[in-house]
Amino acid sequence: MAKRIISVIGGTGLQGGGVVNALLAHGEFKVRVATRNPASDAARALAARDVEVVHADLLDRVSLVTAFKGAYGAFVVTDSWDPTQGAREEEIGAAAVRAARGAGVEHLIWSTLPDVEKLTGGRRKVLHFSGKAHVDDVVRSAGFARHTFVQAPMYFQNFLSVLAPQPLPGGGRGWTVPMDPRKRVIHAGDVGDVGKAVAAAFSARGRLPDGSVLAVCGGIYSWNDFLLTLRALGHNLEIVSVSAEAYDRLFPGHPEIREMFQYFEELTYFGPQREAHIAAANALVPSGFTTFDEWARSHMKPIS
């Protein structure tokens, strides 16, 4: 019997790529990846792994028919930092969900995050969290036979890119943060681990309660935890805690990042329902998820 198809939106990116890897490793499903550029190196590499690559664009709802047609399941993630998606994330996500439902997808997994604006009574504006959360009700009401939410952590991979150590105002290298670096409030993990939970959720079917929220992370950390792990590997780094006003002066044009860190300090990354959502992911993947120490030893090499 032919394998049922799982369509992955965002399969050439970090999070979607991890989903593709996990699905291929699991072996139960045929994997389809929708991409704007099937001729790209990333798309060609996927095709060489027996992934079906089709042309589709989140900005073009009609093209999504090809992505979802005949698929049993779909994983959908939007990219808040893509300038073509950012401010339209809620609109784009909702359109993709409706397109999947219209194509007959039975099980949709939507990559979401907590609604920071709602949780803080409007005090914090973190669009790259809330923009995804605003699609959750569309998923719930769409009428899928089964739907699941997955919440990705703060990626460890960010320490190689947007959170790479930077020169500090007083000298040295590290991070300037608008929060207490001692507070253990940051749920972080290897982005590839999201795929483990997604693949397990598709396979679980009725064993996973409909509408489950799976918060995937390797642990809950403080900035000092990250610092001490990296110092133990020989990295000479520091953390400087500053006021919100000072942070805005140092990083003009980035109030959303400052408010994100402030939200972490107040309610943690995964918010008030974190324990239940983390427990659901851990129960589904009993082998566990990657810790920062494990990841750092592999990706931020020890310095002798």
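Above this text is the structure in question.
Residues numbered from 1 in each chain as written. Predicted model: local features only at pLDDT ≥ 70, side-chain atom pairs only at ≥ 80, totals over all residues. Heavy atoms only, no water.

Explain the environment of Ser212 to me, using residue names and the numbers behind them.
Residue placement: Ser212 occurs in the loop between helix H8 (192-204) and strand S11 (213-215). Separated by 65 residues in the primary sequence, Ser212 and His147 have C-alpha atoms spaced 7.7 Å apart. Not counting the four nearest positions on each side in its chain, Ser212 is found in contact with His147, Thr148 and Phe149. Separated by 2.6 Å, the side chain of Ser212 and the backbone oxygen of Pro209 make a polar contact. (Helix = DSSP H or I, 4+ residues; strand = E, 2+ residues; numbered from the N terminus. Contact = heavy atoms within 4.5 Å. Polar contact = N/O pair within 3.5 Å; in protein donor to acceptor, adjacent residues only side chain to side chain.)

Give a detailed account of unusual backbone geometry, specifying residues and quantitative values.
The phi torsion at Asp50 lies on the positive side, around 70 degrees, for a residue other than glycine. With a phi angle near 70 degrees, Thr268 is a residue other than glycine that sits in the positive phi range. Note that Thr268 resides in the loop between helix H11 (255-267) and helix H12 (274-284). Given a relative accessible area of 7%, Thr268 falls into the buried group. (Buried < 20%, exposed > 50% of the residue type's maximum accessible area, 1.4 Å probe, protein only.)

Pulling in residues and values, what's your account of the nonpolar core?
Within the largest apolar cluster, 38 residues are counted, with the highest numbers of intra-cluster contacts made by Phe129, Phe159, Trp175, Trp223, Phe226, Phe264 and Phe292. Elements with a minimum of two residues in this core: strand S9 (173-177), strand S10 (186-189), helix H9 (223-232), helix H10 (244-250), H11 and helix H13 (292-299). Those residues in contact with Phe264 that lie beyond four places of it in its chain are Phe129, Met179, Val185, Ile186 and Tyr269. (Core = buried A, V, L, I, M, F, W, Y, C linked by side-chain atoms within 4.5 Å.)

I'd like to hear about the side chain of Asp57, residue by residue, with values.
Relative to the helices and strands, Asp57 resides in the loop between strand S3 (52-55) and helix H3 (64-68). This buried residue, Asp57, is left without a salt bridge; Arg36 holds the nearest opposite charge, at 4.4 Å. Look past the residues within four positions of Asp57 in its chain and what remains in contact with it is Arg36, Ser63 and Leu64. (Lys, Arg positive; Asp, Glu negative; His and termini not counted. Salt bridge = Lys/Arg side-chain N within 4 Å of Asp/Glu carboxyl O.)

Just give me the short version of the pairing of strand S5 (residues 107-112), but keep the residues and values in it.
Counting buried residues along S5, six of its six residues qualify, which places the element largely inside the surrounding structure. Neither face of S5 is open: one carries His107, Ile109 and Ser111, the other Leu108, Trp110 and Thr112, and all of them are buried. Across four bridges, the pairing between strand S4 (residues 73-76) and S5 is parallel. Its bridge partner being in S5, Gly73 is matched across the sheet by His107. Each parallel crossover has a hand, and for S4 linked through helix H4 (residues 89-102) to S5 it is right-handed. As paired elements, S5 and strand S6 (residues 146-151) share six bridges and run parallel to each other. Bridge pairing in S6 places His107 opposite Arg146. (Pairing = 2+ DSSP bridges. Right-handed = clockwise from strand over helix to strand, strands pointing away.)

Mind laying out the sheet that holds S4, listing which residues take part and the relevant values?
Overall, parallel pairing links the seven strands, which are arranged S3-S2-S1-S4-S5-S6-S11 in an open sheet. The open sheet is flanked by S3 and S11, the only strands paired with a single partner. Geometrically, the sheet is characterised by an average inter-axis angle of 20 degrees between neighbouring strands, direction not taken into account. Examined bridge by bridge, S6 and S11 share three bridges and lie parallel to one another. In the sheet register, Phe149 faces S11, and the bridge partner there is Val213. Here H8 sits on the sheet in contact with strand S1 (5-9), S4, S5, S6 and S11, set at roughly 155 degrees to S5. (Axes fitted to C-alpha atoms, helices over the stretch in contact; angles between N-to-C directions.)

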